[in-house]
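Now for the letters of each chain:
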Amino acid sequence: MEKEVCGKVGFYLNPSADGFRAILKRGMYVDKSELIAYTNSVLESDRMLTCFSRPRRFGKSFSAQMLSAYYSRGADSRALFENLKIAKKDKKEFAAYLNRYDVLFLDITSFIATAENIKETVNDIQQEVIEELREAFPGLIKENVRSLFKALLQIHAGTGKKFFIIIDEWDALFREAKDNGEVQYAYIQFLHSLFKNNQTSRIISGAYMAGILPIKKYGTQSALTDFCEFTMLEPGGLAEFAGFTEKEVEDLCIEYGLDFEEARRWYDGYRFGRIGHIYNPKSIMEAVVNRRFSNYWTQTETYESLKVYIDLNYDGLRDAMIAMLGGQRCRIDTGTFQNDLTSLESRDDVFTLLVHLGYLAYDSTSKEVFIPNEEIREEFIRAVKNGNRRELVNVILRS
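Before going into details, it helps to say that this report is about the structure given with it. (Residues numbered from 1 in each chain as written. Predicted model: local features only at pLDDT ≥ 70, side-chain atom pairs only at ≥ 80, totals over all residues. Heavy atoms only, no water.)

Here the focus is the nonpolar core. Grouped together as the largest cluster of nonpolar side chains are 73 residues, with contacts concentrated most on Tyr-71, Phe-81, Phe-351, Leu-354, Leu-360, Val-369 and Phe-380. Setting aside residues no more than four positions away along its own chain, Leu-360 makes contact with Tyr-270, Met-324, Phe-351, Leu-354, Val-355, Val-369, Phe-370, Ile-371, Pro-372 and Phe-380. Phe-111, Tyr-187, Leu-191 and Ile-204 belong to the second-largest nonpolar core, a separate cluster that totals 46 residues. (Core = buried A, V, L, I, M, F, W, Y, C linked by side-chain atoms within 4.5 Å. Buried < 20%, exposed > 50% of the residue type's maximum accessible area, 1.4 Å probe, protein only. Contact = heavy atoms within 4.5 Å.)

Next comes the structure, spelled out in structure tokens:
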């Protein structure tokens, strides 16, 4: 594959590497570039569609910016990667894919923020991206085309080009319009048109979606069955990229003079099979910057959302919560959860959601959930004290 001269840098099409450059400029980057080795390995295969869900502030957008900087023809990013693991691992493979793809980068939260009405978000996405594609590929997209999929198909017919699609905060509409089934349906249909179509492999060389929630289920089946999913329940081969590993945290503590054992007490707790312990990146980096341990991750969102789920008090949730605040674990069935914020019908659904949100950790071997660390434990106590369960507060205070 020959390197083409970078064309006009767009907002959605072939963005520059400025986002990733800004991340590296902070000077405390924990190298997660080997995620690129995975995406390279599945390009144009039957596993080319990846959805990797993690809690807020666990590095989702950083990964999306990194992949964009690596693949985008609109970026000249060799210097950004040359000292990272991906460049050192296999120089030939690294060079083979560097800045060689036409990338479409869609941040769903930005479309929601600029939409006059959230109901128009899906239309806005397609309209704005198609307008940019028309400028980049003049004369190829028919005037009456309003579907992004059809626009990409027509570009491919005229040029043979395929696209690498990155969708950051893919589930934002399910969170922001959680009670609007019409908006959610339109969005799923949009994603269907791109990724669940017998023409998908003709126009797409790969896709990477990042969000908090796994792909919405209808019954027992994912709405986008062709995606390979990696979640806080089953991170699979991407577990080391879900957060900071214990070795990475230990190295940071040594470099910046922090007590590693105290860091473990405050922020450890998520565990994934062979990878072992995983830490919350936001909290660790804030502790490094501030040189002290405190509640950092939980300050990025009000405890109101946690309080809502505690107050549901489904079958035994109250007693299970007290037990977990005391250090115990609770066995759950994660299979009934529909991967949204509204279809909650049992204690297990609530606890499974809290795993995806990062408030609980999950042991896949014992199928148990537990409060992972001191930071989260304090947040639970705060939510309970300010919730509607006075009897729960009294029990906790007595204990």
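Pairing within the open sheet is antiparallel, and its three strands lie in the order 11-13-12. Of all strands in the sheet, those bounded by a partner on one side alone are strand 11 (330-331) and strand 12 (361-363). Sheet analysis places strand 12 next to strand 13 (residues 368-370), joined by three bridges and oriented antiparallel. Pairing of Tyr-362 across the sheet is with Val-369, part of strand 13. (Pairing = 2+ DSSP bridges. Helix = DSSP H or I, 4+ residues; strand = E, 2+ residues; numbered from the N terminus.)

Let us now look at the packing of helix 8 (residues 121-136) against helix 11 (residues 181-195). It is the contact of helix 8 with helix 11, at a shortest axis distance of 9 Å, that shows an interaxial angle of 30°. By the criterion of interaxial angle, the relationship of helix 8 to helix 11 is roughly parallel. Contacts from Val-122, Ile-125 and Gln-126 in helix 8 reach Val-183, Ala-186, Tyr-187 and Phe-190 in helix 11. For the contact of helix 8 with helix 11, the class distribution of residues is six nonpolar, one polar and no charged. (Axes fitted to C-alpha atoms, helices over the stretch in contact; angles between N-to-C directions. Parallel < 35°, antiparallel > 145°, perpendicular 65-115°, else oblique. Nonpolar A, V, L, I, M, F, W, Y, C, P; charged D, E, K, R; others polar.)

Taken in spatial order, the five strands make up an open sheet running 2-3-4-1-7, and their pairing is parallel. The open sheet is flanked by strand 2 (102-107) and strand 7 (228-230), the only strands paired with a single partner. On average, each strand axis in the sheet is tilted by 10° relative to the strand beside it, whichever way the strands run. Each of strand 2, strand 3 (163-168) and strand 4 (204-211) is contacted by helix 3 (residues 60-71), which is oriented at about 160° to strand 3, the strand it contacts most.

Moving on to the pattern of salt bridges. For the structure on display, the rule yields 17 salt bridges. A salt bridge links Arg-264 to Glu-261; the nearest nitrogen and oxygen atoms lie 3.8 Å apart. Of the two residues, Arg-264 and Glu-261 are both situated in helix 14 (residues 260-267); the distance of three residues between them amounts to about one turn of the helix. Between Arg-347 and Asp-348 there is a salt bridge, and its shortest N-O distance comes to 3.4 Å. Arg-347 gets classed as buried once you look at its relative accessible area, which sits at 18%. (Salt bridge = Lys/Arg side-chain N within 4 Å of Asp/Glu carboxyl O.)

Here we come to the packing of helix 17 (residues 317-325) against helix 18 (residues 347-357). Axis separation between helix 17 and helix 18 bottoms out at 10 Å; the angle between their running directions is 40°. Judged by the inter-axis angle, helix 17 sits oblique to helix 18. Along this stretch, helix 17 crosses helix 18, giving a crossing that reads as right-handed. In contact with Leu-317, Ala-320, Met-321 and Met-324 of helix 17, helix 18 contributes Arg-347, Val-350 and Phe-351. Across the contact of helix 17 with helix 18, the residue classes break down as six nonpolar, no polar and one charged. (Left-handed = near helix turned anticlockwise from the far one by under 90°.)

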